[in-house]
Amino acid sequence: MSARNSVFSRVAPEEDSGVYVQRFAVAYEYPVYFTRGAFDPANPVFADAIARLEPTHRHRFVVIIDDGVVAKRRRLGMEIAAYAAAWAECLELAAEPDTVAGGERCKNDPALVERLQRRLCDLGIDRHSYLVAIGGGALLDLVGYVAATSHRGVRLVRVPTTVLAQDDSGVGVKNGVNAFAVKNFVGTFSPPFAVVNDLDFLDTLSARDRVAGMAEAVKAGLIRDAAFLAWIESSVEALRAFQPGALEQLVRRCAELHMRHIATSGDPFEQGSARPLDYGHWAAHKLEILTGHALRHGEAVAIGMALDARYAVQTGLLPAGEEERICRLLETLGFRLWHPTMEHTGPDGAPVLLSGLREFREHLGGELTVTLLERLGHGVEVHEIDETEMMRSVAWLKDRDAAR
Ligand SMILES: NC(=O)c1ccc[n+]([C@@H]2O[C@H](COP(=O)([O-])OP(=O)(O)OC[C@H]3O[C@@H](n4cnc5c(N)ncnc54)[C@H](O)[C@@H]3O)[C@@H](O)[C@H]2O)c1
Ligand SMILES: [Zn+2]
């Protein structure tokens, strides 16, 4: 992230009011590179990502890698060291790359945050040094939080390695870890310095994780871009076969829609009550917790989108039949649209899933705002959810799943 064009306008106190109004705006800018072979010394992208603002300086950087990535690419640490040596005029690797347990585990371990912060402290990392995070969305969220809170903000370069992280989370402005059994309870809004989407990393990803990340692309199509949704439908066979060209197109378009939303929504740091990008997410976040993270984020989002699509049909917002179209697409991609925890009840007999609505509101504050569909490609915000009707939608998904 480079914060440039900082504008300061001093507003003089109103006569006798005693109020000084402080006002400034900071423009953020960060590149998202699409490449392959990011750590091939012949590829200048990674060096450029780090050195682009001060090309004549030598930049210190520390690397933290997801252990799921290392398991499939044991020499990655050495490749990075060789890359740094080849670009020694502008890069200095401050220490051997660290490996950290990837997946949701790393967001559930408070000791890890402190361990990584201490590591940066020990290595003398300052605000002009770089923390490079290589991994899935969970590891990027953790390391992003460590970067944002060390020295109040060390430069962060993300190298996302899953479909979900490349097409959604890694190109955005959020980070965080889980606390008190609430997802992302602790975190900040902090744009990265740069993002390097190296599509080669997707080759080692499990089939399950390749599919999971496609949920965010379906989401982007559903709420923003009917043509993209139609393309996903027409490419579904290529996508479920993980054909590289199709997967690349999906990742690029989804990332672009995500970035455009952040840049143009007028609320990049979500200060209002709305979370328009979070279609299907109120239920998804709750399901991730209820299942003890047995469901991947993308898998939970797929269920949440199907649920809210059915609810929109039942309440007359979305034309009947469209929910079937959405469910069919998600199932053809490989998602299962049901989980037994959806009908679990608490001690008071109420469905636990529904507390996800309250938690969704609490995460932002303000009025409950849920994005629903009024047609494919177009999301609208609603402020009330009929819980009885929502549980009928849950029952519909259950029956549908049983019939398959
Ligand atoms: N910050 C945001 O805006 C935002 C948005 C959406 C999701 N998220 C978060 O992202 C997380 C989910 O991320 P995810 O779907 O990328 O899954 P993940 O990070 O949980 O990774 C899934 C698994 O894949 C492994 N892995 C990662 N890259 C690999 C590779 N190239 N080859 C082989 N294995 C690899 C990991 O070790 C892990 O076991 C959730 O915590 C979610 O809350 C954040
Ligand atoms: Zn998501």
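Summary of the structure given here. Model, not experiment: these values are computed from the prediction.

How each quantity is defined
- Residues numbered from 1 in each chain as written.
- Chains lettered and ligands numbered in written order.
- Predicted model: local features only at pLDDT ≥ 70, side-chain atom pairs only at ≥ 80, totals over all residues.
- Heavy atoms only, no water.
- Axes fitted to C-alpha atoms, helices over the stretch in contact; angles between N-to-C directions.
- Helix = DSSP H or I, 4+ residues; strand = E, 2+ residues; numbered from the N terminus.
- Parallel < 35°, antiparallel > 145°, perpendicular 65-115°, else oblique.
- Left-handed = near helix turned anticlockwise from the far one by under 90°.
- Contact = heavy atoms within 4.5 Å.
- Nonpolar A, V, L, I, M, F, W, Y, C, P; charged D, E, K, R; others polar.
- Phe/Tyr/Trp six-rings, centres within 6.5 Å; stacked < 30°, edge-to-face > 60°.
- Buried < 20%, exposed > 50% of the residue type's maximum accessible area, 1.4 Å probe, protein only.
- Near = heavy atom within 4 Å.
- Polar contact = N/O pair within 3.5 Å; in protein donor to acceptor, adjacent residues only side chain to side chain.
- Donors = N, O, S within 2.8 Å, 3.2 Å for Na, K, Ca; no water.
- Salt bridge = Lys/Arg side-chain N within 4 Å of Asp/Glu carboxyl O.
- Patch = residues over 30% accessible without salt bridge, like charges linked within 9 Å, V, L, I, M, F, W, Y side chains within 5 Å.
- Areas by Shrake-Rupley, 256 points an atom, 1.4 Å probe, with all protein chains shown as cover.
- Lys, Arg positive; Asp, Glu negative; His and termini not counted.
- Charge placed at Lys NZ, Arg CZ, Asp CG, Glu CD.

## Some remarks on the packing of helix α7 (residues 207-224) against helix α13 (residues 322-333)
1) Next: The N-to-C vectors of α7 and α13 enclose an angle of 155°; their axes lie 10 Å apart at closest approach. Relative to α13, the element α7 lies roughly antiparallel. The handedness of the crossing between α7 and α13 comes out as right-handed. For the pair α7 and α13, the contacting residues are V211, M214, V218 and L222 in the first and I326, L329, L330 and L333 in the second.
2) Next: A per-class count over the contact of α7 with α13 returns eight nonpolar, no polar and no charged.

## Digging into the packing of helix α11 (residues 281-290) against helix α12 (residues 297-314)
1) Next: At a closest axis distance of 7 Å, the pairing of α11 and α12 adopts a crossing angle of 135°. It follows from the interaxial angle that α11 and α12 lie oblique. Classified by chirality, the crossing of α12 by α11 is right-handed. In contact with H281, W282, A283, A284, H285, L287 and E288 of α11, α12 contributes H297, A300, V301, I303, G304, L307 and D308.
2) Next: In the contact of α11 with α12, the residues fall into eight nonpolar, four polar and two charged.

## Digging into the packing of aromatic side chains
1) Next: Tallying each qualifying case throughout the model produces 10 aromatic pairs.
2) Next: Summarising the aromatic geometry, the rings of F46 and F61 are spaced 5.7 Å apart at their centres and angled 65° between planes, so their arrangement reads as edge-to-face. You can see F46 sitting in helix α1 (residues 45-51) and its partner F61 sitting in strand β4 (residues 59-66), a full 15 residues away along the chain.
3) Next: Its relative accessible area of 0% is what places F61 among the buried residues.
4) Next: Both rings, one in F180 and one in F185, keep their centres 5.3 Å apart while their planes meet at 75°; by these two values the pair is edge-to-face.
5) Next: Residue classification places F180 among the exposed positions, given a relative accessible area of 69%.
6) Next: Taken together, the aromatic side chains of F39, F46, F61, Y83 and W87 make up a single cluster linked through ring pairs.

## Description of the site of ligand 1
1) Next: Ligand 1 sits among 25 residues. The nearest are D66, E104, T161, T162 and T204.
2) Next: Within the contact set of ligand 1, a nitrogen atom lies 2.8 Å away from a side-chain nitrogen or oxygen of D141.
3) Next: T204 has a polar side-chain atom sitting 2.8 Å from a nitrogen atom of ligand 1.
4) Next: Counting only elements with at least two residues in the shell around ligand 1, the list comes to α2 (67-72) and α5 (137-149).

## Side note on the coordination of the zinc ion (ligand 2)
1) Next: Every protein donor of the zinc ion (ligand 2) is listed here as E216 (OE), H281 (NE2) and H297 (NE2), and their distances to the metal cover 2.0 to 2.1 Å.
2) Next: As a motif over one chain, the donors of the zinc ion (ligand 2) read E-x64-H-x15-H. Of this pair, E216 sits in helix α7 while H297 is found in helix α12, placing the two residues 81 residues apart along the sequence.
3) Next: For E216, a relative accessible area of 0% corresponds to the buried category.

## Some thoughts on the pattern of salt bridges
1) Next: One pass over the full model with this rule turns up 35 salt bridges.
2) Next: Where D67 meets R105, a salt bridge forms, and the shortest distance between an N and an O atom there is 3.6 Å. Of this pair, D67 sits in helix α2 while R105 sits in the loop between β6 (98-100) and α4 (110-122), and the two are 38 residues apart along the sequence.
3) Next: The partner of R336 in a salt bridge is D401, and the shortest N-O contact between them spans 2.6 Å. Here D401 lies in helix α15 (residues 387-403) and R336 lies in the loop between α13 and α14 (355-364), a separation of 65 residues in the sequence.
4) Next: Overall, R336 belongs to the exposed group, its relative accessible area being 52%.

## Some points on a negative patch on the surface
1) Next: Taken together, the side chains of E367, E384, D386 and E387 define an acidic patch exposed on the protein surface.
2) Next: Looking at the element boundaries, E367 is found in the loop between α14 and β12 (370-375).
3) Next: Classification of E367 as partly exposed rests on a relative accessible area of 47%.

## Topic: unusual backbone geometry
1) Next: Non-glycine residue A181 carries a positive phi angle of around 60°.
2) Next: Given the relative accessible area of 62%, A181 is considered exposed.

## Describing a nonpolar patch on the surface
1) Next: There is a patch of nonpolar side chains on the surface, built from F24, V26 and Y28 and spanning about 290 Å² of accessible area.
2) Next: Along the chain, the position of V26 falls in strand β2 (residues 24-29).
3) Next: Its relative accessible area of 33% is what places V26 among the partly exposed residues.

## Description of the side chain of H261
1) Next: In this structure, H261 sits in helix α10 (residues 244-264).
2) Next: Judged by relative accessible area, H261 falls into the buried class, the value being 10%.
3) Next: Setting aside anything within four residues of it in sequence, one finds H261 in contact with R224, P276 and L277.

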